[in-house]
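# Examination of the molecular architecture
Residue strings, one per chain:
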2 protein chains.
Amino acid sequence: MEKTSGVKLLGSHPSPFVNRVVLALTIKSIHYELVEVNPHKDGEILAKYNPVHKKIPVLVHGDKPISESLIIVRYIDEVWNEGPSILPTDPYDRAMALFWAAYIDDKWFPLFKQLQGSQEGDSRKETLDKITEGLVFLEKAFKDSSKGKPFFGGETVGYLDIAMGSVVGWIKVAETLIGQKIFDDEKAPLLVGWIDKIYSENSVKDAMLNPQTLLEVFKKLQAMKTEAAAT
Amino acid sequence: MEKTSGVKLLGSHPSPFVNRVVLALTIKSIHYELVEVNPHKDGEILAKYNPVHKKIPVLVHGDKPISESLIIVRYIDEVWNEGPSILPTDPYDRAMALFWAAYIDDKWFPLFKQLQGSQEGDSRKETLDKITEGLVFLEKAFKDSSKGKPFFGGETVGYLDIAMGSVVGWIKVAETLIGQKIFDDEKAPLLVGWIDKIYSENSVKDAMLNPQTLLEVFKKLQAMKTEAAAT
């Protein structure tokens, strides 16, 4: 099978999970076709390509569908192994990258969904406290992984940069909506610096999700929800 | 660092997640020390070695702690790469193995916890239906992965054999407790055959969790809970 052609990405631009695949494909300079799939409307397509979860993203390579964003990123790294390496090469560093990426997906990022659902007051404060606790863990993870270099992956954007970088845009939206900083200079100075670096890094900057664009998307979605509820 | 010495496994024998690490170490013929850690009592040890999740298993290799069972299995496969390979070598097969292992952990196996909490009647039936639906997915995954050979990993016990094999013992306990077969000859004939094979396979049979032993453990734990509730 031709490795560099026949790559389709089923997904939607604002999705942080789709963005991970976009970032990985960008780093590896792989030509691909983005097939717009809205998980709420295009159930049939997803039932065919991702029958278990019916979620985006799905990467279709030749005739083979692969789902789950971080599994796709690993697949891309292994198939196009002549490009820059995305996962660390040392087994322990790899284990740590996998560990923290799973932490972001299973524990930390879901807190922002919880935040969106929580009213102001005690429950919001509790969620924000948990987010801060996680942020402090991730700050330490950055320190340990980057070893004084600009990225989690060292000199170049790697697996954990992709996992975390894809969610930053939406966290910036959350900051605007609640009127409070999440990426705090005092609690996570290294991560604050890392955000600046990844958003200005030539190899990925055009593929990073723009917080301003996401805020517009969010407002449009909210307006549609309000309209749907009113009719 | 010496690769084959200084390997400690913090955990408890009946844990299916600890069992995955035991299986991987057994396949690779790695000498290790099991340090009995009870997650309910030994919080301090876990706070030191796994501060994020405070869970077993933790593999301590030299002075480096690694947590999360499937990440540990991958680490073992990569560090002791001279032994039999645990993960498939083809990138697509690897992606599928990672996908189904994550499915077991995130979706399928948690249904058994739900089953334990559910009363007889509609809610139990609903959970059992979901378990069956997942079983059918996993039967197909076995067919696709094994390609007519005895294991998910083909001729030898691999990553998905470990992920699934570690939970079989506890599912057998669930079968006894509810008086109903989960691994059904009609719905999952290949998986039923696979269970026989993995429990009699020389390379791992002594490390597989024994359902009878687990049932005793379960009864003991229930008796302790009842006693604690009564005092």
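Residues numbered from 1 in each chain as written. Chains lettered and ligands numbered in written order. Predicted model: local features only at pLDDT ≥ 70, side-chain atom pairs only at ≥ 80, totals over all residues. Heavy atoms only, no water.

### A look at empty space enclosed by the protein
Following the criterion strictly, the structure yields two cavities of 30 Å³ or more and no others. The computed volume of the largest cavity comes to approximately 80 Å³. If you trace the largest cavity, you find it lined by A:Arg74, A:Glu78, A:Leu87, A:Arg94, A:Leu98, B:Arg74, B:Glu78, B:Leu87, B:Arg94 and B:Leu98. Residue assignment for the lining of the largest cavity shows that the elements contributing at least two residues are α3 (69–79) and α4 (91–108) of chain A together with α3 (69–79) and α4 (91–108) of chain B. Across the lining of the largest cavity, the residue classes break down as four nonpolar, no polar and six charged. By volume, the second largest cavity is sized at about 30 Å³. The wall of the second largest cavity is formed by A:Ile71, A:Arg74, A:Tyr75, A:Glu78, B:Pro91, B:Arg94, B:Ala95 and B:Leu98. (1 Å grid on protein atoms, 1.4 Å probe; cavity = no way out; pocket = protein on both sides within 12 Å on 5 of 7 lines; lining within 4 Å. Points joined across faces, edges and corners; volume = space filled by probe spheres on them. Helix = DSSP H or I, 4+ residues; strand = E, 2+ residues; numbered from the N terminus. Nonpolar A, V, L, I, M, F, W, Y, C, P; charged D, E, K, R; others polar.)

### A closer look at unusual backbone geometry
Glycine aside, the phi torsion of most residues is negative, and most peptide linkages are trans. In this structure, A:Pro57 follows A:Ile56 across a cis peptide bond, with omega equal to 0 degrees. The phi torsion at B:Ser29 lies on the positive side, around 55 degrees, for a residue other than glycine. With respect to the helices and strands, B:Ser29 occurs in the loop between α1 (16–27) and β2 (33–36). In this structure B:Ser29 comes out as exposed when scored by relative accessible area, which is 65%. Of note, B:Lys54 is a non-glycine position whose phi angle comes to about 55 degrees, a positive value. In this structure, B:Lys54 sits in the loop between α2 (43–49) and β3 (58–61). Overall, the relative accessible area of 45% leaves B:Lys54 in the partly exposed class. (Buried < 20%, exposed > 50% of the residue type's maximum accessible area, 1.4 Å probe, protein only.)

### Looking at the environment of A:Ser118
Residue and element names in this part refer to chain A. Relative to the helices and strands, serine 118 resides in the loop between α5 (110–117) and α6 (122–146). Measuring from C-alpha to C-alpha, the distance between serine 118 and isoleucine 56 comes to 26 Å, with 62 residues separating the pair along the chain. If we ignore the near neighbours within four places in the chain, the residues touching serine 118 are Ser123, Arg124 and Thr127. (Contact = heavy atoms within 4.5 Å.)

### Considerations on the interface of chain B and chain A
Facing 25 residues of chain B, the contacting portion of chain A comprises 25 residues. For the pair chain B and chain A, the summed buried area comes to about 2,300 Å², and 72% of that belongs to carbon and sulfur atoms. Looking only at chain B, the three residues that lose the most surface to chain A are B:Val52, B:Tyr92 and B:Phe99, adding up to 26% of its buried area. The interface formed by chain B and chain A holds two salt bridges in total. Linking B:Glu78 and A:Arg94 is a salt bridge whose minimum nitrogen-to-oxygen distance equals 3.1 Å. Across the chain B-chain A interface, the total number found is four residue pairs in polar contact (both at pLDDT 80 or more). Those elements that place two or more of their residues in the side of chain B that touches chain A are β4 (64–67), α3 and α4 of chain B. Of all the elements, α4(B) adds the most residues to the side of chain B that touches chain A, at ten residues. (Buried area = accessible area lost by both parts, 1.4 Å probe. Salt bridge = Lys/Arg side-chain N within 4 Å of Asp/Glu carboxyl O. Polar contact = N/O pair within 3.5 Å; in protein donor to acceptor, adjacent residues only side chain to side chain.)

### Some details on the relation of the copies chain B and chain A
After a rotation of 180 degrees and a shift along the axis of 0.0 Å, chain B superposes on chain A with an RMSD of 0.0 Å. These values place the two chain copies in the arrangement generated by a two-fold rotation axis. In terms of proximity to the rotation axis, the leading residue of chain B is B:Asp106, whose C-alpha is 4.7 Å off the axis. (Least-squares fit on C-alpha atoms with pLDDT ≥ 70 in both.)

### Considering the pairing of strand β1 (residues 7–11) of chain A
All names here are of chain A. In terms of burial, β1 is largely enclosed, as four of its five residues are buried. Sheet topology note: the β1/strand β3 (residues 58–61) ladder contains four bridges and is antiparallel. The residue of β3 that forms the bridge with valine 7 is histidine 61. As judged from the four bridges shared by β1 and strand β2 (residues 33–36), these two strands associate in the parallel manner. (Pairing = 2+ DSSP bridges.)

### As for the pairing of β3(A)
All names here are of chain A. Of the two faces of β3, the one holding Val58 and Val60 and the one holding Leu59 and His61 are both buried throughout. Here four bridges tie β3 to strand β4 (residues 64–67), and the two strands are oriented antiparallel to one another. Residue leucine 59 lies in a different strand from β4, and its bridge partner there is isoleucine 66. The turn linking β3 back onto β4 is made up of two residues, and glycine 62 within it adopts a positive phi angle of 65 degrees.

### As for the UniProt feature "domain: GST C-terminal" (unreviewed entry) in chain A
The UniProt record marks residues 90–215 of chain A with the feature "domain: GST C-terminal" (unreviewed entry), using the residue numbering of this structure. When the span residues 90–215 of chain A is considered, its composition is 70% helix and 0% strand, and the gap between its end C-alpha atoms is 38 Å. (UniProt positions renumbered as here; feature names shortened; annotations may be inferred.)

### Regarding the domain arrangement of chain A
Residue and element names in this part refer to chain A. In terms of domain boundaries, chain A breaks down into domain 1 (7–79) and domain 2 (91–217). Computed from C-alpha atoms alone, the centre-to-centre distance between domain 1 and domain 2 is 22 Å. With both sides pooled, the region where domain 1 packs onto domain 2 buries about 1,500 Å², and carbon together with sulfur makes up 71% of that total. The tally of links from domain 1 across to domain 2 stands at one salt bridge. Arginine 20 is the partner of aspartate 105 in a salt bridge, and the nearest nitrogen-oxygen pair spans 2.8 Å. Elements that contribute at least two residues to the side of domain 1 that touches domain 2 include exactly α1 (16–27) and α3. Broken down by element, the side of domain 1 that touches domain 2 gets its largest block of residues, nine residues, from α1. Grouping the amino acids of the side of domain 1 that touches domain 2 by side-chain chemistry returns nine nonpolar, four polar and two charged. (Domains from an automatic or database assignment.)

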